[in-house]
Amino acid sequence: MSFTVPANLEAEIDKLITHYPVKRAASLMVLHAIQEHFGWISQEAVEWTAKKLELQPINVYELVTFYPMLRQQPMGKYQIKVCRTLSCALGGAYELHKHFCEKLGLDAHAHGPQTTKDGKFTVEFVECLASCGTAPVMMVNDDFHEAVSHAKADEIVGRCK
Ligand code: FES
């Protein structure tokens, strides 16, 4: 197995586990720690986590496949998330998503997150970001953007270095 967890991360994970009455209860926190370090959760990471928590890999894999915030593939440096729930859909979210995809050379009709070849941007739809009155709404990593016109979208991409 080529997957290696650095000693400081493993120490952090060991400490995390002590916060829970049973090892399994720490699963999500351990996965978050791994994703924060590696950027995504590989099959090897699933196996490592299962071993660490004395579980079967399927017990960890079912979490990774259930929660959309847990990533099963490497993401771009800038993750563009466009809300597509009703208010945003009516406010132009699909056109906004298409605009990003066209600008970045991605396929607007492909299923799931699309990442540019240089690994700089990932574009994807997400569900309601809880600001339905200011549609269309989107995020770039942890930054929130409201009432995003195509011109504003271009500005936002231009600021991503
Ligand atoms: S529908 Fe987009 S923020 Fe709620």
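Residues numbered from 1 in each chain as written. Predicted model: local features only at pLDDT ≥ 70, side-chain atom pairs only at ≥ 80, totals over all residues.

Chemist: Please provide a residue-by-residue account of the environment of histidine 109, values included.
Modeler: Within the secondary structure, histidine 109 is located in the loop between α6 (93-104) and β2 (114-115). Sequence separation of histidine 109 and histidine 97 is 12 residues, and the distance between their C-alpha atoms is 9.8 Å. (Helix = DSSP H or I, 4+ residues; strand = E, 2+ residues; numbered from the N terminus.)

Chemist: Lay out unusual backbone geometry with the relevant residues and their values.
Modeler: The step from alanine 135 to proline 136 runs through a cis peptide bond, and the omega angle for that step is -5 degrees. With a phi close to 55 degrees, glutamate 54 is a non-glycine residue in the positive phi region. Of note, glutamate 54 is situated in the loop between α3 (43-52) and α4 (57-66). With a phi angle near 65 degrees, alanine 130 is a residue other than glycine that sits in the positive phi range.

Chemist: Account for the nonpolar core, with residues named and values stated.
Modeler: Among the nonpolar cores identified, the biggest contains 19 residues, and Ile80, Val82, Cys83, Leu96, Phe100 and Met138 are the most heavily contacted of them. Those elements giving two or more residues to this core turn out to be β1 (78-83), α6 and β3 (121-126). If near-sequence neighbours (up to four positions away) are discounted, phenylalanine 100 is found in contact with Ile80, Val82, Val123 and Ala153. (Core = buried A, V, L, I, M, F, W, Y, C linked by C-beta atoms within 7 Å. Buried ≥ 20, exposed ≤ 12 C-beta atoms within 10 Å, placed from the backbone. Contact = placed C-beta atoms within 7 Å.)

Chemist: Explain the packing of helix α2 (residues 27-38) against α4 residue by residue, including any values.
Modeler: Two elements in contact, α2 and α4, have axes whose closest approach is 11 Å; the angle formed by their N-to-C orientations is 65 degrees. Between α2 and α4, the angle falls in the class roughly perpendicular. The chirality of how α2 crosses α4 is right-handed. Residues Ser27, Leu28 and Leu31 of α2 lie in contact with α4, whose contacting residues are Val60, Leu63 and Val64. Residue classes in the contact of α2 with α4 are distributed as five nonpolar, one polar and no charged. (Axes fitted to C-alpha atoms, helices over the stretch in contact; angles between N-to-C directions. Parallel < 35°, antiparallel > 145°, perpendicular 65-115°, else oblique. Left-handed = near helix turned anticlockwise from the far one by under 90°. Nonpolar A, V, L, I, M, F, W, Y, C, P; charged D, E, K, R; others polar.)

Chemist: So what's going on with the pairing of β3? Which residues, and what values?
Modeler: Among the six residues in β3, five count as buried, and that is most of the element. The pairing of β1 with β3 spans six bridges and is parallel. For lysine 81, the partnering residue across the bridge sits in β3 and is glutamate 124. As defined by bridge partners, β2 adjoins β3 across two bridges and the pair is classed as antiparallel. (Pairing = 2+ DSSP bridges.)

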